Amino acid sequence: MKKEVVISSYSENLKGLFEINKNKYEVNGVIPGEKVLVDIDKKIKLINVLKKSDKRVKVNCPIYDLCGGCTLQHIDYKEQLNIKTKWLENLFLKAFNKHFNIPLVLGMKEPFNYRNKNQMVLKKEKNKLIGGMYQEGTHNVIDHNNCLIQDEVINKVEEQIKKLIIDFKYSIYDEDKKVGLFRHVLVKRSQATKEILVVLITTSLDFPGKNNFVKAITKLNKEITSIVQNVNNRKTSAVLGDKEVVLYGPGFIFDILLGKKFKITSKSFYQINSLQTEVLYSEAIKLADLKKTDTVLDAYAGVGTIGLIVANNVKKVLSVEIVKDAVKNGIDNAKYNKINNVVFVNDDATKYINNLAANNQKLDVIIMDPPRSGSTVDFLNAVKRIKPRKIVYVSCNPVTQVEDLKQLLSMYNIKHIQGVDMFPHTSHVENIVLLEIK
Ligand code: SAH
């Protein structure tokens, strides 16, 4: 059934809300104030915009409807930042029953081509090799290598490798029959060093013509400095398997953040928008207001980036991370940057901070950056026993962040809130909160 409706506001996940007979619905691709025609049969779908908002801009991505990644691409970028800022304001107002003055979310000057990593999924369809991304919520593959938020060089390399796979007549993994060689191609690129890492994800280690295939890839672009093969014969949709061999180069690339070098491997967690990561970290470090005498905990540290960046400004950093490989990368990163006052610990952050509290370890500042699920009550209770002067809480999911903050308010004040747009055109919001002891 088609219906004409007026969009009233944004929903909690930044879709457009409208009402029919007091029932609330949400739909993608619209802006509050717009009059639109929607199909409300099964999945609610936008058919047509009848009265356009002046915040609407032309969408240049041909697969915008299918992919489901850039749900805000139809909105003027400045307005996207306004929307994300208001979203944060509402979230904090609801959580704490108090209005916080939140400055505008920090955006990008050029909010396209920012992603430093992409995985191209491959599929044989009607005897033709296609490669690109999954259609939202499905396992249908969209044949597309021109993602607008992706590094343009990554797009190009992926398209070229797709052509090479066709030339070499390699078989493609069939998800239903569980047969075939090539599954994915993962490409990472540093805009700072220009180095490119190519990861070929296959179901078996050996395949015919491997040496020539690798040689052909190196000829595509001289900035491809590493090629790694990852063997994944699991029957699940996880991209990477455990076994890996380096086919060319050192097997990793370097990126530079705020003057420090970081090693990026196929598996290491690394922020996908390097330019904005510098903005995010600079803001977090500014708020932390560190002293040369400080001992700092970098909790949920990934490959140690934040801790290593602040290391020269403080006495000592304790860096805790649960993924063993990431910790190993962190230790290497410390060596590359000649930093020797960071202690890397491979542990669950909650377990580790409880040990610190039990041993009466003094911490002056905690910088924490947990995964989307947030931290734990146990972690936060240990923080309250240790009583650091400041806590800088960086979050990729402010919804869990506010829940965690509630645990700390008996002892800490929220001094500053600052969002950073790490993922322009998507509905994701990254947020930093500074807490100071009462
Ligand atoms: N601060 C880093 C990483 C942030 S992502 C950066 O900016 O790059 C969150 C990190 O928390 C991931 O590396 C993840 O592996 C780690 N993590 C998840 N659960 C954890 C836990 N219970 N204890 C310690 N680290 C954890």
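The coordinates are above.
Numbers given to residues run from 1 along each chain, matching the order in which its sequence is written. The predicted nature of this model means local features are confined to residues of pLDDT at least 70 and side-chain atom pairs, given and counted, to a pLDDT of 80 or more, with totals for whole chains, interfaces and linings taken over all residues. Hydrogens and water molecules were not included; the side-chain quantities draw on all heavy atoms of the structure.

Peer 1: Could you give an account of the overall build of the protein chain, with specific residues and numbers?
Peer 2: By definition, any uninterrupted DSSP run of H or I lasting at least four residues is a helix, any uninterrupted run of E lasting at least two residues is a strand, and each is numbered from the N terminus. The helix and strand inventory of the protein chain stands at ten helices and 22 strands. Radius of gyration (C-alpha) of the protein chain: 24 Å, near the 22 Å computed for a compact globule of 438 residues. The cut-offs for exposure are 20% and 50% of the maximum accessible area for each residue type, with area from a 1.4 Å probe on protein chains only; residues under the lower value are buried, those over the upper are exposed, and the others partly exposed. Across the 438 residues in the protein chain, those meeting the buried criterion constitute 53%. We call two residues contacting when some pair of their heavy atoms lies within 4.5 Å. Within the protein chain, contacts between residues at least 6 apart in sequence are counted, and of these 62% link residues at least 24 apart. Neither His nor the chain ends contribute to the count of charged residues, in which Lys and Arg are positive and Asp and Glu negative. Charge positions are represented by NZ for Lys, CZ for Arg, CG for Asp and CD for Glu. Treating the 67 positive side-chain charges of the protein chain as one cloud and the 48 negative ones as another, the clouds have centres 2 Å apart. With the radius of gyration taken over C-alpha atoms, the globule rule is written as 2.2 Å times the number of residues to the power 0.38.

Peer 1: Talk me through helix 7 (residues 324-336); I want residue IDs and the actual numbers.
Peer 2: Because an α-helix completes one turn every 3.6 residues, residues spaced three or four positions apart along the sequence face the same direction. Spanning 13 residues, helix 7 covers 19 Å between terminal C-alpha atoms, matching the ideal 18 Å at 1.5 Å per step. When helix 7 is considered as a whole, its buried residues turn out to be Ala326, Val327, Asn329, Gly330, Asn333 and Ala334. All buried residues of helix 7 lie within an arc of 155° about the axis, which places them on one face of the element. Residues of helix 7 that are exposed and point more than 90 degrees away from the buried face comprise Lys324 and Lys335. Check the buried side of helix 7 and you find it contacts strand 15 (260-264), helix 6 (305-310), strand 17 (316-321) and strand 18 (342-346). In the segment just after helix 7, Lys338 is the residue with positive phi, at about 55°. In a helix, the anticipated span is given by 1.5 Å times the number of residues less one. Note: the arc covers the axis-to-C-beta directions of the helix.

Peer 1: Any details on the packing of helix 2 (residues 77-96) against helix 10 (residues 398-408)? Residues and values, ideally.
Peer 2: Helix axes are fitted to C-alpha atoms over the stretch in contact, other axes to C-alpha atoms as well, and angles between N-to-C directions run from 0 to 180 degrees. The contact between helix 2 and helix 10 brings their axes to 10 Å, and the two run at 30°. In terms of orientation, helix 2 lies roughly parallel with respect to helix 10. For helix 2 against helix 10, the interelement crossing comes out right-handed. Judged by residue contacts, Trp87, Leu88, Leu91, Phe92, Ala95 and Phe96 of helix 2 engage Pro398, Val399, Gln401, Val402, Leu405 and Lys406 from helix 10. Roughly parallel means an angle under 35 degrees; roughly antiparallel, over 145; roughly perpendicular, 65 to 115; everything else is oblique. By convention the crossing between two helices is left-handed if the near helix lies anticlockwise of the far one by an angle smaller than a right angle, and right-handed if it lies clockwise.

Peer 1: Requested: an account of the sheet that holds strand 2 (residues 9-10), with residues and values cited.
Peer 2: Spatially, the three strands line up as an open sheet ordered 2-3-4, and their pairing is antiparallel. Each end of this open sheet is capped by a strand with a single partner; those strands are strand 2 and strand 4 (23-27). Relative to strand 3 (residues 16-20), strand 2 runs antiparallel, the two being bridged by two bridges. Its bridge partner being in strand 3, Ser9 is matched across the sheet by Leu17. A pair of strands is considered paired only if DSSP assigns at least 2 bridges between the two.

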